[in-house]
Amino acid sequence: MASSGLELLWVSAPQLARGAWQTLSISASSIAFATLGGIAYGVLRQLGKRWLDVPLRIYLELFRAIPVLVWLYLLFFGLPIFTGLSLPSFWCAVLVLSLWGASEVGEVVRGGLQSLPRGQREAGLAIGLSAPQLYGQVLLPQALKRITPPTINVYTRIIKTSSLAVLIGVVEVIKVGQQIIERTYESLLIYGFLFLFFFLLCYPLSAASRVLERRWSHA
Amino acid sequence: MTALIELSSFSKRFGDTPVLNAVDLRVERGEVVVILGPSGCGKSTLLRCLNGLETGHAGKLHFAGRELNGKTDWRDVRQRIGMVFQSYHLFPHKTVLENLLLGPLRVQKRSFGEALAQAEALLERVGLLDKRDAYPRQLSGGQQQRIAILRALCMNPEVMLFDEVTAALDPEMVKEVLEVILDLAEGGMTMLIVTHEMAFARAVADRILFMDGGVIAEQNDPETFFSNPQTARAQQFLEKFSYVENMPKRKSP
Amino acid sequence: MTFDWHFVLATLPAFLKAVGVTLQVGAIAIASSLLVALVNSAILVLRAPLLRPLVKGYVELARNTPLLIQLFFIYFALPAAGIRLSGFASAIIAMTFLGGAYLTEVLRAGVEAVPRAQIESGLAIGLSRWQLLRHVILPQAGILSLPALFANFIFLLKETTVVSAVAVPEILYTTKSYIALYYKTYEMLAVMTALCVLLFLPLSLLLARLERRLQHGQFGA
């Protein structure tokens, strides 16, 4: 049984690789956009301007209140209705994961900036730094250490949540697996493989996050 | 002659709590003004209003003839009014030299050679040139505070504000910081100093400002203020300090 | 674009039922996850020799794999091994598998967050290990864990939408079904969004208030 299982995986490898590539593409793109968006969100909310803060807060609460899967459906089924545009499911997934991920990374960035001593901001202002200089030269570099481990955890969650893309029809690794099962009925083997696939993607990240947190946690 | 700094009927409140109450003040170029007072009297807030970290809600503030208010470009003003904080707040992720050069290079866009020369000369003057590549956490509190003063000086300000800069230091390091400030005063820098160091205040000040409850309760030259305080509040305040200086020996059981 | 209110009203009873299913699945998942977490925490704190690495392995496995895969494994793969479970049962087991791991981490962090000084003071006045656990560590660990526990409860409740993938009739599945049957996509999506906001937004705001209260409460940091 084991040998035929491995044989099957070997034979299906090209297919599975294509599916895995889709999964990785969705995850990687979403992680990249979420990081950029999250830094922007965190900094903008720290500026303390009301006209920025209120819409950003609404954006945050919307992505907290509405589960990601619901957002996927809203975008996939709802966008054509409202705008007549229809986005391919791959990009729906990336868009939703990026926006959701940005809100999560954003809150981490905001918390990190908030936890810095207030005097750093004042000392920077006192020598005449502009806001971009203040954040770029003084605040963000210092916040980096406390931001990185939780942000890596968000990346892990983005990878896991990207699995939901199969439910709006993206042909990623789970879909490919299901196609193989339809032909061969080897459900235990394939789902076991998928279990291992995601575990091997996420575990190193979780472990890295823990190591960094321990190494960088000074008072 | 127009004063360098002028406050007219300047008031500030935090929410509903008044902190500064119609304060009038003139500071001439080259003057050293020391501000004394009990905690909560508004002395730190006064300083912070002068470089825009806080804004008043009434009255006027003039610097070098120009009015400063909510619409002012504070970046420009802050290059001309330097501030040193109680907790020094050096940038921990940058070396001493990087701390000193950040303002001159990034804000004032001066040439690297010129800025470096100035920074190193200043470091030499306080005897910390060998620490130029050290990080703040490798320095003592007194060393860090002296670097903080240099950081402000590197911007070539016209006024220096000192907010209780020795209050967080171990006693044996206070002297080295006060010496730097004295040196600056002798060089003719215009300064406003908030401090609890009475002997230092007496030595360095041209004028003593005593604040209480958000107003200037008494103003005088140091000799007169310390030996013959005019107001009851000032007398009470000074009495507390003389108690600590001349504490009676405890009675044996 | 007209909004078919009549249709929405007609489907309301079904949606109310769906909300009930969401809450039911959520509540059972939360309760059983908590149970699993308590057992795991006991094993971890008491340092049971063989079981401790097993618990740690379980937590790593459950936290580094998606709920969807866990769900599909139970529902689609186990039948090949002779274990055939309904959508509802698979959902509960999968969510308990995931939730148990998350809550175990929360409780573990709560115990670790009790300040060392507390343990030392307890020992200094002569408490035994059991008394220390019961009177000093557990009560404080409990309170310190509350915000994180509550946050995870909300998370589990929101994850119930995932189990729509195995035909459990919660709100997302119901929405999809009605869209497929009647093509009233716009109206059904609106209802679903409204339900999510009504259900989850108050919880999120409650959590924020709980966190703020505990900040100002007994524990400074």
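Overview of the structure. (Residues numbered from 1 in each chain as written. Chains lettered and ligands numbered in written order. Predicted model: local features only at pLDDT ≥ 70, side-chain atom pairs only at ≥ 80, totals over all residues. Heavy atoms only, no water.)

Tallying secondary structure elements over chain A gives 8 helices and 0 strands in all. Counting from the amino terminus, helix and strand elements in chain A follow one another as α-α-α-α-α-α-α-α. Based on the C-alpha atoms only, the size of chain A along its principal axes is roughly 70 × 50 × 25 Å. Excluding contacts between residues fewer than 6 apart, the proportion of contacts in chain A whose partners are at least 24 apart in sequence is 75%. For chain A, the accessible surface area stands at approximately 10200 Å², while carbon and sulfur atoms represent 67% of it. Here chain A contributes 18 positive and 10 negative side-chain charges, whose respective centroids are spaced 10 Å apart. (Helix = DSSP H or I, 4+ residues; strand = E, 2+ residues; numbered from the N terminus. Contact = heavy atoms within 4.5 Å. Areas by Shrake-Rupley, 256 points an atom, 1.4 Å probe, with all protein chains shown as cover. Lys, Arg positive; Asp, Glu negative; His and termini not counted. Charge placed at Lys NZ, Arg CZ, Asp CG, Glu CD.)

For the rest of this paragraph, the subject is the overall build of chain C. The secondary structure content of chain C amounts to 8 helices and 0 strands. Ordered by position from the N terminus, the helices and strands of chain C form the series α-α-α-α-α-α-α-α. A globule of 221 residues ought to have a C-alpha radius of gyration of about 17 Å, yet chain C, at 21 Å, is considerably larger. With the C-alpha coordinates of chain C rotated into their principal frame, the extents come out at 70 × 50 × 25 Å. Within chain C, counting contacts between residues at least 6 apart in sequence, those at least 24 apart form 77% of the total. Looking at chain C as shown, the accessible area adds up to about 11400 Å², and 68% of this sits on carbon and sulfur atoms. (Rg over C-alpha atoms; globule rule 2.2 N^0.38 Å.)

Turning our eyes to something else, we now look at the packing of helix H6 (residues 131–161) of chain A against helix H8 (residues 187–216) of chain A. Residue and element names in this part refer to chain A. At a minimum axis separation of 9 Å, H6 and H8 run at an interaxial angle of 170°. Compared by their axis directions, H6 and H8 come out roughly antiparallel. The interaxial crossing formed by H6 with H8 has left-handed handedness. Between H6, through Lys-145, Thr-148, Pro-149, Ile-152, Asn-153, Thr-156, Ile-159 and Lys-160, and H8, the contact on the second element is made entirely by Phe-198, Leu-201, Cys-202, Leu-205, Ser-206, Ser-209, Leu-212, Glu-213 and Trp-216. (Axes fitted to C-alpha atoms, helices over the stretch in contact; angles between N-to-C directions. Parallel < 35°, antiparallel > 145°, perpendicular 65-115°, else oblique. Left-handed = near helix turned anticlockwise from the far one by under 90°.)

Next up on the list: the nonpolar core. Ranked by size, the top nonpolar core spans 144 residues in total, and within it Ile-174 of chain A together with Ile-5, Ile-35 and Leu-192 of chain B carry the most contacts. Among the elements that take part in this core, helix H4 (residues 89–114) of chain A stands out by supplying 12 residues, more than any other. Residues contacting Ile-35 of chain B, with those up to four places away along its chain left out, are Lys-43, Leu-46, Leu-47, Leu-192, Ile-193, Val-194, Thr-195, Leu-209 and Met-211 of chain B. Among the nonpolar cores identified, the runner-up in size contains 53 residues, and Val-32, Ala-148, Val-174 and Phe-237 of chain B belong to it. (Core = buried A, V, L, I, M, F, W, Y, C linked by side-chain atoms within 4.5 Å. Buried < 20%, exposed > 50% of the residue type's maximum accessible area, 1.4 Å probe, protein only.)

Tracing the backbone shows Arg-26 of chain B in strand E2 (residues 17–27). When the C-alpha positions of Arg-26 of chain B and Leu-4 of chain B are compared, they lie 7.6 Å apart, and in sequence the two are 22 residues distant.

On to the sheet that holds strand E5 (residues 66–67) of chain B, then. All names here are of chain B. The 4 strands lie next to each other as E2-E1-E4-E5, forming an open sheet whose pairing is antiparallel. The sheet is open, and its two borders are formed by E2 and E5, each paired with just one other strand. Lying on the sheet, helix H1 (residues 43–50) is in contact with strand E1 (5–14), E2 and strand E4 (58–63); it crosses E1 at an angle near 115°. (Pairing = 2+ DSSP bridges.)

All names here are of chain C. Along the chain, the position of Ser-145 falls in helix H6 (residues 129–159). Look at Ser-145 and you get buried, because its relative accessible area is 3%. Sequence-distant contacts of Ser-145, defined by excluding residues within four places in its chain, comprise Val-106, Leu-107 and Gly-110.

Opposite the 22 residues of chain B that make contact, chain A presents 18 residues. Of the roughly 1700 Å² buried between chain B and chain A, counting both surfaces, carbon and sulfur atoms make up 60%. Seen at the junction of chain B and chain A, the total is 1 salt bridge. Between the two partners, chain B and chain A, sit 7 residue pairs in polar contact (both at pLDDT 80 or more). At the level of elements, helix H2 (74–80), strand E6 (81–84) and helix H3 (96–107) of chain B are the ones that each hand at least two residues to the side of chain B that touches chain A. With 4 residues, the top contributor of residues to the side of chain B that touches chain A is H3 of chain B. For the side of chain B that touches chain A, the per-class residue count stands at 10 nonpolar, 4 polar and 8 charged. (Buried area = accessible area lost by both parts, 1.4 Å probe. Salt bridge = Lys/Arg side-chain N within 4 Å of Asp/Glu carboxyl O. Polar contact = N/O pair within 3.5 Å; in protein donor to acceptor, adjacent residues only side chain to side chain. Nonpolar A, V, L, I, M, F, W, Y, C, P; charged D, E, K, R; others polar.)

Time to look at the side chain of Thr-72 of chain B. All names here are of chain B. Inspection of the secondary structure puts Thr-72 in the loop between E5 and H2. On the accessibility criterion, Thr-72 (13% relative accessible area) is buried. At 2.6 Å, the side chain of Thr-72 forms a polar contact with the backbone nitrogen of Asn-69.

Let us look at the interface of chain C and chain A. In this complex, chain C contributes 36 residues to the contact, which on the side of chain A involves 34 residues. Summed over both sides, the interface of chain C with chain A buries roughly 3200 Å², with 77% coming from carbon and sulfur. Run the count over chain C and chain A and you get 1 salt bridge. With its nearest N and O atoms 3.2 Å apart, the salt bridge here joins Glu-60 of chain C to Arg-210 of chain A. The tally of links from chain C across to chain A stands at 8 residue pairs in polar contact (both at pLDDT 80 or more). Of all elements in the fold, only helix H2 (51–63), helix H3 (67–77), helix H4 (87–113), helix H7 (171–182) and helix H8 (185–216) of chain C reach the threshold of two or more residues within the side of chain C that touches chain A. Among the elements that make up the side of chain C that touches chain A, the one with the highest residue count is H8 of chain C (11 residues). Classifying every residue of the side of chain C that touches chain A by side-chain character gives 24 nonpolar, 8 polar and 4 charged.

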